[in-house]
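# Geometric and topological summary
Residue strings, one per chain:
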Amino acid sequence: MGKPSFLQTQTSPQERNGRLTKRQYVRFAFYKIDPMWRRLPSEKQAEQKRELLATIENFNRRMLLRPYSLMGTRADTELLLWQIAESIEPFQELATAIMCTTMGGYLELTRSYLSQTKRSIYEIRDGLGNDHEQLIVQPTEAKYLFIYPFVKTRPWYRMSLAARQGMMDEHIQIGRKYPSVKLNTTYSFGIDDQEFVVAFETDEPADFLDLVQELRETEASLYTLQDTPLYTCINMSLAEALDALGGPKIAEPRKTETIKEVWIDVCPVDEFQPGETKVLYLDGQQVALFNVDGNLYALSNRCSHARGPLAEGEIEVSDDGCTVTCPWHYAKFDLSSGQVVDGVASAPVPSYIVEVRDDVIYVGRVPVAE
Ligand code: FES
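All of these numbers come straight from a predicted model, not from anything done at the bench.

Within the protein chain, the secondary structure is distributed over 7 helices and 19 strands. Per-residue burial for the protein chain yields a buried fraction of 51% across its 370 residues. A separation threshold of at least 6 residues defines the contact pool for the protein chain, and within that pool the share at least 24 residues apart is 68%. Accessible surface, the protein chain: about 17600 Å² in total, of which carbon and sulfur atoms supply 50%.

In structure tokens form, the structure reads like this:
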């Protein structure tokens, strides 16, 4: 059985109702390589990239880390490491570890934004999963990430909450028109220079552009003090993001045709009770694991419509089987097969195998025979 590269278990809505969910810390660290590095012999470049890759991957169990390339999208920075952890210390330890590598000596940290998840003080009525309320950051597999630090004017905070809610309602109404764009809002008050860091995930940059342009016309926009610099980041594996910096390639060519067998050990079976849901990572994919009356099901956590988080969906049990309803636009999927049962989605979501061996739950995927 293949060992998982890393596992992050996240809290289900059921767990959130039961106890206070811990807030997460978030760091966006942007790097640029010294042009001198590009003049090194190619074998040294490859060796250094492999050392850096192994160093960063070593932190996989301590944080959720997403690499992005900005080569070709900005002049002042080239690599982003989006980091999510339960405390600040893993960020410091990773930063030190990177700088202690040989390639770290050539890397300049061009920007760093530190923030934390927090419940919004505004009532969010969009139902789109635009994560004003999220204490757990759940990045999607979207191809693009758009990030900027955000500061409101002081007069904004002097207005009544009701007045601000009214303006936020207009803002949210516009966001509802762009379901392909997912917003992750995190808070920086007192822990970094900006007040918020906003990170939008999408596969459709044009939708994001249209959304931002439309938001400029809102009343709330009058109270924006700063919303730059804006970073356009491209999602890729860490090896690919390092290859994008230059030098010989170290990333394995993507094998889109072959699916390799992969399993992950989740937890002892008695630690996952009926009614609970977990989100875990299997070979880089978010998987939602459900315990419905003692029966275990695993589906991709990303709805095939617009990537809504199925782990937060409503479960129904009937004589025909079990279904989960996406919390964003209410597409309904069969929990056993991932097939669409009802609603706006037109494609199924991948389903995974769940097995209990020696009282431990395993989730896996095996190649399908031709
Ligand atoms: S994201 Fe639209 S139905 Fe799931």
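Along the chain, the position of E195 falls in the loop between β6 (182-187) and β7 (196-202). Buried and without a salt bridge, E195 has R154 as its closest oppositely charged side chain, separated by 4.4 Å. In terms of polar contacts, E195 uses its side chain to reach the backbone amide nitrogen of K152, at 2.8 Å. Setting aside its immediate chain neighbours within four residues, E195 contacts F150, V151, K152, R154, Y157, T186, Y187, S188 and F189.

In this section: helix α3 (residues 89-99). The α-helix advances 3.6 residues per turn, and as a result positions three or four apart in sequence lie on the same side. Listed in full, the buried residues belonging to α3 are P90, F91, L94, A97 and I98. Looking straight down α3, one finds that the buried residues subtend no more than 130 degrees of arc, so they occupy a single side. Tucked into the core, α3 has its buried residues touching β1 (25-33), α2 (42-57), β2 (64-69), β3 (79-85) and β4 (107-116).

Considering all chains together, one arrives at 15 aromatic pairs under this definition. Look at Y148 and F200: their rings are 6.0 Å apart centre to centre, the planes differ by 25 degrees, and that puts the pair in the stacked class. With Y148 in strand β5 (residues 144-152) and F200 in strand β7, this pair connects stretches of sequence that are 52 residues apart. Neither residue differs from the other here; Y148 and F200 are each classed as buried. Aromatic rings pair up to connect F146, Y148, F150, Y157, Y187, F189, F196, F200 and F208 into one cluster. The cationic tip of K118 hangs over the ring face of Y187; the distance from NZ or CZ to the ring centre is 5.7 Å.

Scanning the entire structure with this criterion turns up 11 salt bridges. Here E78 ties to R38 by a salt bridge, and the two come within 3.3 Å at their closest N and O atoms. Linking E78 in the loop between β2 and β3 with R38 in the loop between β1 and α2, this pair joins segments that are 40 residues apart in sequence. For R38, a relative accessible area of 34% translates into the label partly exposed. A salt bridge links E214 to K177; the nearest nitrogen and oxygen atoms lie 2.3 Å apart. With E214 in helix α6 (residues 205-215) and K177 in the loop between α5 (161-176) and β6, this residue pair connects regions lying 37 residues apart in the sequence.

Looking now at the nonpolar core. I56 and I98 are the most contacted members of the largest nonpolar core, which totals 29 residues. Counting only elements with at least two residues in this core, the list comes to β1, α2, β3, α3, β4 and α7 (238-245). Beyond its immediate sequence surroundings of up to four residues, I56 is in contact with L65, L81, L94, I98 and L238.

Right, let's talk about the sheet that holds strand β13 (residues 295-300) for a bit. Ordered in space as β10-β19-β18-β13-β12-β11, the 6 strands form an open sheet in which the pairing is antiparallel. Since the sheet does not close on itself, it has two edges, and those belong to β10 (262-268) and β11 (277-282), each with one partner. Mean inter-strand twist for the sheet, computed between neighbouring axes without regard to direction, equals 30 degrees.

Our next topic: the sheet that holds strand β15 (residues 321-325). Strand order in the open sheet made by the 4 strands is β14-β15-β16-β17, with antiparallel pairing throughout. Sheet topology places β14 (314-318) and β17 (340-342) at the edges, where each strand pairs with a single neighbour. Taking each pair of neighbouring strands and ignoring which way they run, the sheet shows an average axis angle of 35 degrees.

The axes of two packed helices give the description: the angle between them and the distance between them. Look at α2 against α3: their axes get within 10 Å of each other, and the N-to-C directions meet at 165 degrees. When the axis of α2 is compared with that of α3, the two are roughly antiparallel. Like other packed secondary-structure pairs, α2 and α3 cross with a definite hand, here right-handed. Note on element contacts: α3 touches α2 through L94, A97 and I98, opposite L52, T55 and I56. For the contact of α2 with α3, the residue count by class is 5 nonpolar, 1 polar and no charged.

The rules behind the values
Residues numbered from 1 in each chain as written. Predicted model: local features only at pLDDT ≥ 70, side-chain atom pairs only at ≥ 80, totals over all residues. Heavy atoms only, no water. Helix = DSSP H or I, 4+ residues; strand = E, 2+ residues; numbered from the N terminus. Buried < 20%, exposed > 50% of the residue type's maximum accessible area, 1.4 Å probe, protein only. Contact = heavy atoms within 4.5 Å. Areas by Shrake-Rupley, 256 points an atom, 1.4 Å probe, with all protein chains shown as cover. Lys, Arg positive; Asp, Glu negative; His and termini not counted. Salt bridge = Lys/Arg side-chain N within 4 Å of Asp/Glu carboxyl O. Polar contact = N/O pair within 3.5 Å; in protein donor to acceptor, adjacent residues only side chain to side chain. Arc of directions from axis to C-beta. Phe/Tyr/Trp six-rings, centres within 6.5 Å; stacked < 30°, edge-to-face > 60°. Lys NZ or Arg CZ within 6 Å of the ring centre and 35° of its normal. Core = buried A, V, L, I, M, F, W, Y, C linked by side-chain atoms within 4.5 Å. Pairing = 2+ DSSP bridges. Axes fitted to C-alpha atoms, helices over the stretch in contact; angles between N-to-C directions. Parallel < 35°, antiparallel > 145°, perpendicular 65-115°, else oblique. Left-handed = near helix turned anticlockwise from the far one by under 90°. Nonpolar A, V, L, I, M, F, W, Y, C, P; charged D, E, K, R; others polar.

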